[in-house]
Every structure is written in C-alpha cells, then in structure tokens.
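Chain by chain, the residues run as shown.
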Amino acid sequence: MPGIEKLPIEETLEDSPQTRSLLGVFEEDAAAISNYSSQLYQAMQRIYDAQNELSAATHLTSKLLKEYDKQRFPLGGDDEVMSSTLQQFSKVIDELSSCHAVLSTQLADAMMFPITQFKERDLKEILTLKEVFQISSDDHDMAINRYSRLSKKRDNEKVRGEAVEDVYTARKKQHQTMMHYFFSLNTLQYKKKIALLEPLLGYMQAQISFFKLGSENLTQQWEDFLGTIGTSVQNVRREMEGEVGTMQQTIQQMEQACDPLYVPCDPDPAHSPVCRNLTRKQGYLYIRNKTGLVSSSWERQYFFTQGGNLMGQGRGEVAGGLIMDIDNCSVMAVDCDDRRFCFQVTSFDGKKVATLQAESRRDCEEWISTINNISKRIYLSENAEELAARVNQSALEAVTPSPSFQQRHESMRPSGKGRSGRASSISSVGSETSPALSVLSLDALVAPETPIQFDIISPVSEDTGPNKAATQTGRRSNPFGESGDIPSEDSEDSILHQLFIVRFLGSMEVRSSEEEEIISETMRQILAARAIHNVFRMTESHLLVTCDCLKLIDPQTQVTRLRFPLSSVVQCSSHQDNKRLFGFVLQTPGGRGDRRAVCYIFESNNDGEKICDSVGLAKQIAFHSEMDRKAVERRKEQDKAKEKQQEELSKQRQIEKDLEEQSRLIAASSRPANPPASDGQFLVLSNSQSEDSDAGEEGKKKGESEA
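Nothing here was measured: the structure is a model prediction, and the numbers come from that model.

Here the focus is the overall build of the protein. A count of helical and extended segments in the protein gives 14 helices and 15 strands. Among the 707 residues that make up the protein, the fraction classed as buried is 36%. Taking the contacts inside the protein whose residues are at least 6 apart along the sequence as the reference set, 66% of them involve residues at least 24 apart. Within the structure as shown, the protein displays about 42400 Å² of accessible surface, and the carbon and sulfur contribution to it stands at 52%.

The following block contains the structure:
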C-alpha cells in the first residue's frame, strides 16, 4: 500500500495555523469519505435487499410448484408426468432457494456488516470528536483572553490564580482532545481502505461460493485475485495496528512531557532561562490595532520571522502576511494599555510601529532578543547564533538601527573619486562583500540604456498667459504631457466607473509591447532596482477606470496626476505569485514619428487580477461603443444616400412630365384649328366654347400630370 499522510501529534500543543490548515484538509477528506461511504452503503443495501427478494421469490416458486397437485383445474386432468416434473423442478428450485438464503446470509456478514460498522461507529466517532475539539478550542480561546486581560496595576492573586487554573484546564483539555482527534483522523486513513475493500471482498467471495464457477482456470484466477486482495487487507490491518501502537505511545509521552507547558506564565525561571541567541522565532502574540482616534483593540495572531521580515497569520488564513520589515528596526519593552509583557517594534524609517504582547516575560524577552538580532542582520552570517551570542548585550533596551548597505559603501569608497550616474552606483554595490548582495548585479537586472522612473511628479505649475483660460477650468500640466483634468465627458458619459487604491512602483520603456512576459520582466527589474538603490517610498493614488481612459488621481487634492487613453493600453496583467502587483503597457507616439511602449507597475490593496479584469471590461465596452457608433454613422450615410437617390428620381420624373407636356402642346399646335364637318360645312365655335374647351384640356393635362 502507498504511504498514508498523517497529522503530527507532536505539534498539537503548539496549535499553529499550519497544523490547523492541515487539520482542515483531513476534515475535508473525512467529509468526502463519509459522503462516498453513504453512497456505497446505499448501493450495497440495494444488492442485499435484491438478494433477499430473490431468495424469497425462489422459495415462493418452489412452494407453488409443490402445491400443484392440490390445485383443482376445471379442464385439467390427472397428469402424472406434469406433476412429477414439477416436483423435480420444485426440489431443484428449493435447493436454489437454500443457496440464495446462504448467499443472503454471507452478504449480510461479509458485505453489509463491515461498511455498516464503519459508517455507524468510525465516522460518527470522527464527528463527535470534531464537536468536542471545537468546544475545547473555544474554551481555550476564552480562557487565554481572560488571562491576557489581567490588570498589572490591580494585581489580585486570587483572580490571577483562577485565570491561570482556567488556562491550564482549558489548554490541557484542548491538547488531549486534539491528540485523540488527530489519532482518530490518522486511523481513519487506514480504516477507509479496509472499509472499502472488505465489503467488496466479501461480496465477491459470496458470489463465487454461490455460483461455483465451472471453469477451473477462471476459478483459479478469481481465487488468486481474491487471495491478493485478502493479503493486502491483512497487511493494511497489521500496518494500522503498528501505527495505532506508535500513536498511543506518542500520546502518553506528550501528556507526560507537556504538562508544565500548559501554564502560560513561567513556572520556574531558573529551569527555563531566556535564550538570547535566536535569529528565528514563532508563536502566538497579541497585536494592538487602532479602531479610532483614541481607541484600540487587541487581536491574537500567529507571528513568525522569515529572513528580515516579521510575518503574521490569523487562525483562518492559509498563509502569513507581512507585518513589518525588521531590518535596521528598533525594539523595546513598553507599558501599554495596562497589559503585561508588551514590547514595541519600530521600522527603520519610523513610519510604522507595531505593539505586541507575549504570554510570559520569558517569551517577551526572547522575542525582543530575536528581533534585535535580526535588526542587526546577524541572520545573514554563517554562524548566526555564535555571532548573536557575542554581540547581543541588551535585548530589553531600544536598538539603534545599524547603517544601511549604501552608507557602508559610501564609507568604504575613497573620497577623491567622484561617481557618474549608474556606473558608480553599480561599483559601490559590487564592492560590498555581504552575502545578501554579493550575487546581485545592477547590469543583470536593469539595462543601462533604460531609465526607471520611481515616482510620479505631480503637476505643480499652472499655465499662464494664453493658457489662463485653461487654468481656470481646472486643466493643469505635468511633466508627462498629460492634462490635470479632462472634460467631463470622460467621467459623466462613461458607463463604467471603478476606483482602486494603488501605489506607483515605477515605469520604464520596453522594447516590445506584444510579448506576454514583458510585464513580469519589468516587475522584476523595477523591484530589483528598488532593492539595490534602497528606494522604499511609494506614491499612493486613486486609479479610476472608465470606458475612455485610466486616471491616476491625487487622493488629497483630487487632481488628476496622469491620464492614460484606454485605446493606448496594449495589455494588462498581474504578478503570478504576488497578486497585489499588476502593470500595463502603454503605446505612445515617439519623437520621430514611431511608437514607443512604456510599462507602468503598481501595487494595489486589492487583487491585481480584479483591476486587470476591470481594464479588460472597459476596453470591451469601449470597443462595442465604437462599433455601435460606426453602425449608427453607417445607417445615417445609407439614409442620406437613399434620400439623395429619391430626390434624383423625383427630379427625373418631373423632367419626363415636362417633356410629355411640351410634346402634347406641340402636337396640339400642329393640328388644324377648325376641321371640316362631314357634310362639307365648317364648324365655328364661339369664344366662350373655345375657352371652355381650352380650360378642359388644361384640367385634363393637370390631372394626368398629378396622376
């Protein structure tokens, strides 16, 4: 059988988020096993019910055949042959009925019993232990919270003793419950295989014994196969028994060894001295979070050091997050909010301060010593603990930040030599023998011909003279050639309005805007350049995504710092690992008529993929709007062409009518005025009759023309 993953019982006392995350995986696996076992149980129950029905139907058939002689058929006579034949059939079917009954019994014992026992006993035990563990975990959290709120000024020995006793009882109960819960979950990994294989093995053996396969080869094959499965089940059972013994022994040893560790305070400082040579530490701490101008709250998190960073992780989180960069930081013990064992960590630039609380004085001093050692970058040396033992003298006092690498380079360089641009900075970085920076080379990270812009230059000068009108309307100029404010059509008429808080990391010109890896490569170069040059400041802005453009707005003055036309954005993507980093490539016209591509990199408070999706949605909306606008213009042009064609056609018809009228007038003028009568006399019309006839002809022509 392949190796089976198991929960570490030794780490139940620490109860780290990693252990809780692994426990969550095992609980999901147990839920999946329970669901699948229920379905399999229902299917096997149907087989068992069908077999019982078949056995009962066979027995009823045999009984009816035996009672054939007792039947009185009106048209039937005494047929001895038929009666004897049916009696023989009844005997055979009666034997088959007995075989079916035996098969039903075998299915009940070998197939239904194991899976029923697994479903009703093992899975219910897991659910019960889960509920008990949840209750004990909640009780432990409540007890540790009450203990942490003990007042240092109003110290009451009775109250403190009760709080310590509650913490001891709750922690012991949680630890023991957690160990037994881990034990049951680990055992479940073996039991599920047995519970799945044993019913199938019993089912197949019962079927083989019932049907008595005629072919010896087939029977031999089945026996070999079932023998292999039976051997495997026995091996799993023996392995489970060995693992059960090991886990029970571990639980007994842990219960004996961890009893003093249940108490949160130091039971005997002489037997547990403070270790001041640590460069790595992890454990639970309380961190103070401000909830208002003067109010604050304390939150319990799991903290750990990772290199030069202090990381924090909540109970329900999968991975830890960065709390503070503790390189060159300062740390000291403080009195805060009437709480004991508090210490304060301040970043190297003094802009970020974290106030933390430990469970005991020993834990507090170890945290201060560890952060003190990390702030001096002792962890970068090979023998970190030996070096920490030599240089660590006071872990409870404020630590003066050590000089940065850049200052060390300045002190090591000769004073007579000047430096020119990037080449001298590269040589100064390369002169440092620190193992953290010896492998870095600025030429390998950033091309010398490509400058990097680390900050956004806000528009501070307004237009004067001829551009005064534009200044009064809120338009401002900046070094990037973009206007401070844009017409209201971009924001008011746009369908999409989404605002994100971002921080500008840098921008640089790239050679190609179509390659997919160009944004990730630009991120790597900009972050490497920031690390090499010790650039930590980032400009925070509001990124407004509309259907026309992308705006970077100053959160204080609400002035547009940069405006990127949406049609110029070629691609936008986020970092594969750090989803808070994202960037986009902007295609802008160059100085010589060609087009240049610039990649902008940002860090956001939200998921970078959401911002990229918003930009993609804006481009889709803009594309569809442009297509609709072109379709409307095309329809307008078609309507104008049709109107023009109708006008030409009406003009042509009018010309034809005028020509017909002229031809009729010419024909009328060419005929004689008074044609002779039939008897050789002339008909003379009076003036009134001739005028009436002329008027009739004109009316007739007018009607024809109107028609």
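More follows now that the structure is in view.
Attention now moves to the pattern of salt bridges. Opposite charge on two side chains lets them pair, provided their charged atoms get close. This structure, assessed with the given rule, holds 28 salt bridges. A salt bridge links arginine 20 to aspartate 15, with the shortest nitrogen-to-oxygen separation between them at 2.7 Å. Taking relative accessible area as the criterion, aspartate 15 reaches 6% and is therefore assigned buried. Between glutamate 366 and lysine 281 there is a salt bridge whose closest N-O contact spans 3.0 Å. On the criterion of sequence distance, the pair formed by glutamate 366 in helix α5 (residues 361–375) and lysine 281 in the loop between α4 (216–257) and β1 (282–290) is long-range, its members being 85 residues apart. Classification of glutamate 366 as buried rests on a relative accessible area of 5%. With a relative accessible area of 11%, lysine 281 lands in the buried category. Residues joined in a network through salt bridges with shared partners are Lys281, Arg362, Asp363 and Glu366.

This part takes up unusual backbone geometry. Here asparagine 328, not a glycine, exhibits a phi torsion of approximately 60°, which is positive. If you trace the backbone, asparagine 328 turns up in the loop between β4 (321–325) and β5 (330–336). Positive phi, normally seen in glycine, also occurs at phenylalanine 341, with a value near 60°. Residue placement: phenylalanine 341 occurs in strand β6 (residues 339–346).

Between helix α1 (residues 17–66) and helix α3 (residues 157–211), whose axes approach to 11 Å, the crossing angle comes to 30°. In terms of orientation, α1 and α3 fall into the roughly parallel class. Crossing of α1 against α3: the hand is left-handed. Residues belonging to the contact of α1 with α3 are distributed by class as follows: 17 nonpolar, four polar and four charged.

On to α3. Taking 1.5 Å per residue, 55 residues should reach 81 Å; α3 reaches 79 Å between its end C-alpha atoms and fits that length. Where α3 starts, the residue carrying a side-chain oxygen 3.1 Å from the main-chain nitrogen of lysine 158 turns out to be asparagine 156.

Looking now at the side chain of glutamine 571. Among the structural elements, glutamine 571 can be located in strand β13 (residues 569–574). Since its relative accessible area comes to 17%, glutamine 571 is described here as buried. Once residues lying within four places of it in the same chain are set aside, the contact partners of glutamine 571 are Ser513, Glu514, Glu515, Glu516, Ile518, Ile519, Gly583, Phe584 and Val585.

Before going further, it helps to spend a moment on the sheet that holds β5. Strands sit in the order β4-β3-β2-β1-β7-β6-β5 across an open sheet of seven strands; the sheet is antiparallel. Of all the strands in the sheet, the pair left with one neighbour each is β4 and β5. Taking each pair of neighbouring strands and ignoring which way they run, the sheet shows an average axis angle of 40°. Where β1 meets strand β2 (residues 296–306), nine bridges bridge the pair, whose relative direction is antiparallel. Across the sheet, tyrosine 284 pairs through a bridge with tyrosine 302, a residue of β2. Strands β1, β2, β3 (309–313), β5 and β6 of the sheet are contacted by α5, whose axis makes an angle of about 5° with β6.

This part covers the pairing of β13. Of the pairings in the sheet, the one linking β13 to strand β14 (residues 581–589) comprises five bridges and is antiparallel in character. Within the sheet, the bridge partner assigned to valine 569 lies in β14 and is leucine 586. Where β13 folds back on β14, the antiparallel hairpin that results is connected by six residues.

This part is about the pairing of β2. Two successive antiparallel strands, β1 and β2, enclose a turn made up of five residues. Of the pairings in the sheet, the one linking β2 to β3 comprises five bridges and is antiparallel in character. Along β3, the bridge assignment pairs threonine 305 with leucine 310.

Let's shift gears to the packing of aromatic side chains. Taken as a whole and judged by the stated rule, the model has ten aromatic pairs. On the numbers, 5.2 Å between centres and 70° between planes, the contact of phenylalanine 564 with phenylalanine 584 is edge-to-face. Of this pair, phenylalanine 564 sits in strand β12 (residues 560–565) while phenylalanine 584 is found in strand β14, placing the two residues 20 residues apart along the sequence. Here phenylalanine 564 and phenylalanine 584 have matching classes, each one buried. In this structure an aromatic cluster arises from ring pairing among Phe504, Phe564, Phe582, Phe584, Tyr600 and Phe602. Positioned above the aromatic ring of tyrosine 284 is the side chain of arginine 300, whose terminal nitrogen or guanidinium carbon lies 4.2 Å from the ring centre. Stacked on the ring of tyrosine 286, the Lys or Arg arginine 339 has its end atom at 5.5 Å from the ring centre.

Across the protein, the average pLDDT comes to 75, with 75% of residues at or above 70. The low-confidence segment residues 213–218 (pLDDT under 50) makes four contacts with residues lying over four places distant or belonging to another chain. The low-confidence segment residues 393–448, where pLDDT is below 50, has 79 contacts with residues more than four positions distant or belonging to other chains.

Judged by nonpolar contacts, the single largest core of 33 residues is most densely connected at Tyr147, Phe303, Phe343, Val345 and Ile371. If one sorts the elements of this core by residue count, α5 sits on top with five residues. Dropping the residues within four chain positions of it, valine 345 is found in contact with Met324, Ile326, Cys329, Ser330, Val331, Lys352, Val353, Ala354 and Ile371. Formed by 29 residues, the second largest nonpolar core is a distinct cluster that contains Ile33, Met178, Tyr181 and Met247.

In this fold, valine 510 is placed in strand β9 (residues 498–510). Residues valine 510 and alanine 597, 87 residues apart in the sequence, show an inter-C-alpha distance of 5.6 Å.

On to the environment of glutamate 514. Within the secondary structure layout, glutamate 514 lies in the loop between β9 and α12 (518–533). For glutamate 514, a relative accessible area of 63% corresponds to the exposed category. Leaving out residues up to four positions away in the same chain, glutamate 514 has contacts with Val570 and Gln571.

Now for the state of the cysteines. Considering all chains together, one arrives at zero disulfides under this definition. Summary of cysteine pairing: cysteine 549 is not part of a disulfide, and the nearest cysteine sulfur, belonging to cysteine 547, is at 9.8 Å.

A contiguous patch of negative charge, built from Asp639, Glu643, Glu647 and Glu648, is present on the exposed surface. The residue glutamate 648 is located in helix α13 (residues 608–670) in this model. For glutamate 648, a relative accessible area of 45% corresponds to the partly exposed category.

Conventions and cut-offs
Residues numbered from 1 in each chain as written. Predicted model: local features only at pLDDT ≥ 70, side-chain atom pairs only at ≥ 80, totals over all residues. Heavy atoms only, no water. Helix = DSSP H or I, 4+ residues; strand = E, 2+ residues; numbered from the N terminus. Buried < 20%, exposed > 50% of the residue type's maximum accessible area, 1.4 Å probe, protein only. Contact = heavy atoms within 4.5 Å. Areas by Shrake-Rupley, 256 points an atom, 1.4 Å probe, with all protein chains shown as cover. Salt bridge = Lys/Arg side-chain N within 4 Å of Asp/Glu carboxyl O. Axes fitted to C-alpha atoms, helices over the stretch in contact; angles between N-to-C directions. Parallel < 35°, antiparallel > 145°, perpendicular 65-115°, else oblique. Left-handed = near helix turned anticlockwise from the far one by under 90°. Nonpolar A, V, L, I, M, F, W, Y, C, P; charged D, E, K, R; others polar. Expected span 1.5 Å × (residues − 1). Polar contact = N/O pair within 3.5 Å; in protein donor to acceptor, adjacent residues only side chain to side chain. Pairing = 2+ DSSP bridges. Phe/Tyr/Trp six-rings, centres within 6.5 Å; stacked < 30°, edge-to-face > 60°. Lys NZ or Arg CZ within 6 Å of the ring centre and 35° of its normal. pLDDT = per-residue confidence, 0-100. Core = buried A, V, L, I, M, F, W, Y, C linked by side-chain atoms within 4.5 Å. Disulfide = S-S within 2.5 Å. Patch = residues over 30% accessible without salt bridge, like charges linked within 9 Å, V, L, I, M, F, W, Y side chains within 5 Å. Lys, Arg positive; Asp, Glu negative; His and termini not counted. Charge placed at Lys NZ, Arg CZ, Asp CG, Glu CD.

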